[in-house]
Amino acid sequence: MPSTTVGDHLLARLREWGVEKVFGYPGDGINGLLAAWGRAGNEPQFVQARHEEMSAFEAVGYAKFTGRVGVCAATSGPGAVHLLNGLYDAKLDHVPVVAIVGQTNRSAMGGSYQQEIDLMSLYKDVASEYIQMVTVPEQLPNVLDRAIRVATAERAPTAVIIPADVQELEYSPPKHAFKMVPSSLGVALPSVSADAEAIRRAADVLNAGRRVAILAGAGARGAAPELREVADLLGAGVAKALLGKDVLPDELPYVTGSIGLLGTRPSYELMNDCDTLLTVGSSFPYTQFMPDLDQARGVQIDIDPKLIGMRYPYEVNLVGDAASTLRALIPLLERKSDRGWRETVESNVRSWRETVADEAMVDADPINPMRLFHELSRRMPEDAIVVADSGSAANWYARNLSFPDGVRGSLSGTLATMGPGVPYGIGAKFGHPGRPVIVFEGDGAMQMNGLAEMLTIRHYWRQWDDPRLIVAVLHNNDLNQVTWEMRAMQGAPKFTESQTLPECDYAAFAASNGLNAIRVDEPGQIATAWDEALAADRPTLLDVRVDPNVPPIPPHASFEQMKDSAEALLKGDEDRLGVVRKGIKVKMQELLPHRAGKK
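Residues numbered from 1 in each chain as written. Predicted model: local features only at pLDDT ≥ 70, side-chain atom pairs only at ≥ 80, totals over all residues. Heavy atoms only, no water.

Participant: Would you mind going over empty space enclosed by the protein with me for this structure?
Facilitator: Here the idea is plain: a probe the size of a water molecule rolls over the atoms and shows the empty space left. Across all of its chains, the model carries three cavities of 30 Å³ or more by this definition. The space that makes up the second largest cavity amounts to roughly 60 Å³. Among the elements of the structure, α10 (265–273) and α12 (340–360) are those that each provide at least two residues to the lining of the second largest cavity. (1 Å grid on protein atoms, 1.4 Å probe; cavity = no way out; pocket = protein on both sides within 12 Å on 5 of 7 lines; lining within 4 Å. Points joined across faces, edges and corners; volume = space filled by probe spheres on them. Helix = DSSP H or I, 4+ residues; strand = E, 2+ residues; numbered from the N terminus.)

If you want it as structure tokens, here you go:
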């Protein structure tokens, strides 16, 4: 065995880049790397998931919550295939992830060998920004360095493929010679501000507006102070795209909350009534939830010129970093003396917050899912990281959770895939071992991916400075989001054969693995359960029996959607009576007068 193999140098190079964790799963296609890991004393740490897809999700969660590159590793063939969904999640949410993937020996390639897949073709789309196969040792540093730099610069997944035999070759660096490509470490990205003349035009548009709305996305996360100052100068309300939920705290009186299918009524009203729109760091896809196309003048700020000018007929499109571009804009903005628009926005927000609190306390059978989220908002740790899986959990996360300043949160935004909740939480814990992490998981997602990853939590939790990783399972034995989508969008009753889940004792599963487990069967237990979980000395699973018949219908549901839902129920939906009762109770809270709305 050579003294320094390609595998050895790969790990050394990752360490030089500051990579501390690699989320992966073993297989003979990366045996050379695994042997190198053994010689390296497990540095960077190999974090073993239960499935390669979970490895990719953990790398995405790690990258989302740390701002650093996430790295995942998998074997050739099926291992490489399994990474794809997590890598697409990174691609669509613009997250830097590097995948290191094995391949069969070079001598076998093209021979229909076992586990041989054309990985360059397979990864051509998901890693379109950069994918390369290392075929000789001298190629390695440049390929790995570029994969990391491109992932960082483009906020995208990249892939490095290393055949099994290459991993075991003796490493030799690129020479100062023809057709050799030496490389170097590190990247210092610029702070990009938009063109000065364009900023002047943007200021003119914003100064002319009387009712300014701001839409903030994940790209505005590093610009919170600037965003607050702009909102104050313009007397604007701020709505947040789902991936930007943690950009500004919900305690600010002019923050209207989430926008879109999972959005709030104040955000809907903000967009319906504004005459000017400023979008910062968001490519929010649902144009129908933005102002009418001829209603408002628009300005967009985004770091990515490929995403600028999308979704709305913006008058001025500024390419630049959100913080530096807003800083350049602020001296040119005129403080609006008429605060009537701001007062209307704040009144709408106050009324909505009362409505949401009242809706959470509506009786259900047995538990109103909104109350689970509402009770956490009342005791949210100031340094918490919150994750929601796709499905009905995302509805309540978007509308019913209130984030104070400092709390981070995310989910699978654009791909909206099921199953990343628990692995996101694991990635977050490895990135921030001293912070509490809370995951909201539907029982469908829990059965799909979460149960197995509870074993990963058991395996690693003692490494974390703060042991609190809380997984709250919305236990209703229904794939609830799709059930409601079928009712509202297809006018079809619940199709039991596809929607009903097998019963599972999630608390028993967690307890059998030495984790804290709490069953919550009635609403009066929710507050105590949160208090116990937040004070626990180990990870906790909350098995919460929620009512599937509480409608996740947004406050701006169209008449057609309401009519289709009603018709679906009349067609023989097995839950029709419960749905009608719960729906009336919940919607009544929006119709009742509230203190904030009284003159």
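Participant: Help me understand the sheet that holds strand β8 (residues 237–240) in this model?
Facilitator: Within a sheet, each strand pairs with its neighbour through backbone hydrogen bonds, oriented either parallel or antiparallel. Within the open sheet, the six strands sit side by side as β9-β8-β7-β10-β11-β12. Their pairing is parallel. The strands lining the two open edges of the sheet, one partner per strand, are β9 (255–258) and β12 (316–319). Each adjacent strand pair in this sheet contributes to an overall mean axis angle of 15°, direction not counted. Across five bridges, strand β7 (residues 212–216) lies against strand β10 (residues 276–280) in parallel orientation. Across the sheet, residue Leu-215 finds its bridge partner in β10, namely Thr-279. (Pairing = 2+ DSSP bridges. Axes fitted to C-alpha atoms, helices over the stretch in contact; angles between N-to-C directions.)

Participant: How should helix α3 (residues 52–66) be read in this particular structure?
Facilitator: Given 3.6 residues per helical turn, the α-helix brings residues three or four places apart onto the same face. Counted at 1.5 Å a residue, the expected span for α3 with its 15 residues is 21 Å, and the 21 Å between its end C-alpha atoms agrees. Most of α3 is tucked away, with 15 of its 15 residues classed as buried. Trailing α3 by a residue or two, Gly-67 shows a phi angle of about 80°, which is positive. (Expected span 1.5 Å × (residues − 1). Buried < 20%, exposed > 50% of the residue type's maximum accessible area, 1.4 Å probe, protein only.)

Participant: What am I meant to see in the nonpolar core here?
Facilitator: Note on soluble globular proteins: their nonpolar side chains tend to be buried together. The biggest cluster of nonpolar side chains holds 54 residues, and the ones touching the most others in it are Leu-83, Tyr-123, Met-446, Ile-457 and Val-471. The element contributing the most residues to this core is α3, with eight residues. Here this core spans two domains, and each of domain 1 (6–168) and domain 3 (362–590) adds at least three residues to it. Ignoring anything within four residues of it in the chain, the contact list for Ile-457 reads Val-422, Ile-426, Trp-464, Leu-469, Val-471, Leu-515 and Pro-539. Judged by nonpolar contacts, the second largest core, of 39 residues, contains Ala-360, Met-370, Trp-396 and Phe-403. (Core = buried A, V, L, I, M, F, W, Y, C linked by side-chain atoms within 4.5 Å. Domains from an automatic or database assignment. Contact = heavy atoms within 4.5 Å.)

Participant: Explanation requested: a nonpolar patch on the surface in the structure shown.
Facilitator: Taken together, the side chains of Leu-261, Tyr-286 and Met-489 define a hydrophobic patch exposed on the protein surface, amounting to about 260 Å² of accessible area. Note that Leu-261 resides in the loop between β9 and α10. The partly exposed category is assigned to Leu-261, whose relative accessible area is 30%. (Patch = residues over 30% accessible without salt bridge, like charges linked within 9 Å, V, L, I, M, F, W, Y side chains within 5 Å. Areas by Shrake-Rupley, 256 points an atom, 1.4 Å probe, with all protein chains shown as cover. Salt bridge = Lys/Arg side-chain N within 4 Å of Asp/Glu carboxyl O.)

Participant: Is there a simple way to explain the layout of surface pockets in this structure?
Facilitator: If you add up the space inside the second largest pocket, you get close to 420 Å³. Here the lining of the second largest pocket takes six residues from α12, the largest share from any one element. Among the residues making up the lining of the second largest pocket, the classes are represented as nine nonpolar, eight polar and eight charged. (Nonpolar A, V, L, I, M, F, W, Y, C, P; charged D, E, K, R; others polar.)

Participant: Sorry, what's going on with the domain arrangement of the protein here?
Facilitator: Reports often express the size of an interface as the amount of accessible area lost when the parts come together. When its domains are assigned, the protein resolves into domain 1 (6–168), domain 2 (196–347) and domain 3 (362–590). Spacing between the C-alpha centres of domain 2 and domain 3 amounts to 30 Å. Counting residues at the interface gives 18 residues for domain 2 and 21 residues for domain 3. Summing both sides of the interface, domain 2 and domain 3 together bury roughly 1,700 Å²; the carbon and sulfur share of this comes to 57%. Between the two partners, domain 2 and domain 3, sit two salt bridges. Ionic pairing is found between Arg-408 and Asp-246, a salt bridge with its closest N-O pair at 2.6 Å. Summed over the shared surface of domain 2 and domain 3, the number is eight residue pairs in polar contact (both at pLDDT 80 or more). (Buried area = accessible area lost by both parts, 1.4 Å probe. Polar contact = N/O pair within 3.5 Å; in protein donor to acceptor, adjacent residues only side chain to side chain.)

Participant: Explanation requested: the UniProt feature "domain: Thiamine pyrophosphate enzyme N-terminal TPP-binding" (unreviewed entry) in the protein in the structure shown.
Facilitator: Sequence positions flagged by UniProt for "domain: Thiamine pyrophosphate enzyme N-terminal TPP-binding" (unreviewed entry) are, in local numbering, residues 5–121. Helix and strand shares over residues 5–121 are 45% and 17% respectively, and the end C-alpha atoms of the span are 27 Å apart. (UniProt positions renumbered as here; feature names shortened; annotations may be inferred.)

Participant: Mind showing me how you'd approach the pairing of strand β13 (residues 385–388) here?
Facilitator: Here β13 shows a buried face lined by Ile-385 and Val-387 and a second buried face lined by Val-386 and Ala-388. In this sheet, strand β14 (residues 408–410) lies alongside β13 in parallel orientation, the contact comprising three bridges. Its bridge partner being in β14, Ile-385 is matched across the sheet by Arg-408. The sheet contact formed by β13 and strand β15 (residues 437–442) spans four bridges and is parallel.

Participant: Is there a simple way to explain the packing of aromatic side chains in this structure?
Facilitator: Pairs of aromatic rings are described using the distance from one ring centre to the other and the angle between the two planes. This structure, assessed with the given rule, holds twelve aromatic pairs. Taking 5.0 Å as the distance between ring centres and 80° as the angle between the ring planes, the aromatic pair formed by Trp-37 and Phe-46 counts as edge-to-face. Members of the aromatic cluster, each reached through a chain of ring pairs, are Phe-23, Tyr-62, Phe-430, Tyr-460 and Trp-464. The cationic tip of Arg-342 hangs over the ring face of Tyr-254; the distance from NZ or CZ to the ring centre is 4.2 Å. Between Arg-487 and the ring centre of Trp-484, over which it is positioned, the NZ or CZ distance is 4.7 Å. (Phe/Tyr/Trp six-rings, centres within 6.5 Å; stacked < 30°, edge-to-face > 60°. Lys NZ or Arg CZ within 6 Å of the ring centre and 35° of its normal.)

Participant: I keep staring at the pattern of salt bridges and nothing clicks. Help me out?
Facilitator: Opposite charge on two side chains permits pairing when their charged atoms draw close. For the coordinates displayed, the defined rule picks out 30 salt bridges. Here Asp-8 ties to Arg-39 by a salt bridge, and the two come within 3.0 Å at their closest N and O atoms. Residue Asp-8 is located in helix α1 (residues 6–16), and its partner Arg-39 is located in helix α2 (residues 31–39); the two are separated by 31 residues in the primary sequence. We classify Asp-8 as buried; its relative accessible area is 14%. Classification of Arg-39 by relative accessible area gives partly exposed; the value is 44%. For Arg-545, the salt bridge goes to Glu-503, with nearest N and O atoms at 2.7 Å. Of this pair, Arg-545 sits in strand β18 (residues 540–545) while Glu-503 sits in the loop between α18 (496–499) and α19 (506–512); the two residues are 42 residues apart in sequence, bridging distant segments of the chain. Several salt bridges share partner residues, and in doing so they unite Arg-371, Glu-375, Arg-378, Arg-379 and Asp-531 into one network.

Participant: Is there a simple way to explain the sheet that holds β18 in this structure?
Facilitator: The strand order β14-β13-β15-β16-β18-β17 describes an open sheet built from six strands, whose pairing is parallel. The open sheet has two free edges, formed respectively by β14 and β17 (516–520), since each of these has just one partner strand. Each adjacent strand pair in this sheet contributes to an overall mean axis angle of 15°, direction not counted. Alignment of β17 against β18, held across five bridges, turns out to be parallel. By the bridge assignment, Asn-516 is partnered in β18 with Thr-540. In the packing of helix α14 (residues 392–400) onto the sheet, the strands contacted are β13, β14, β15 and β16 (469–475), and the crossing angle to β13 comes to about 140°. Contacting β15, β16, β17 and β18, helix α20 (residues 526–534) crosses the sheet at an angle of about 175° to β17.

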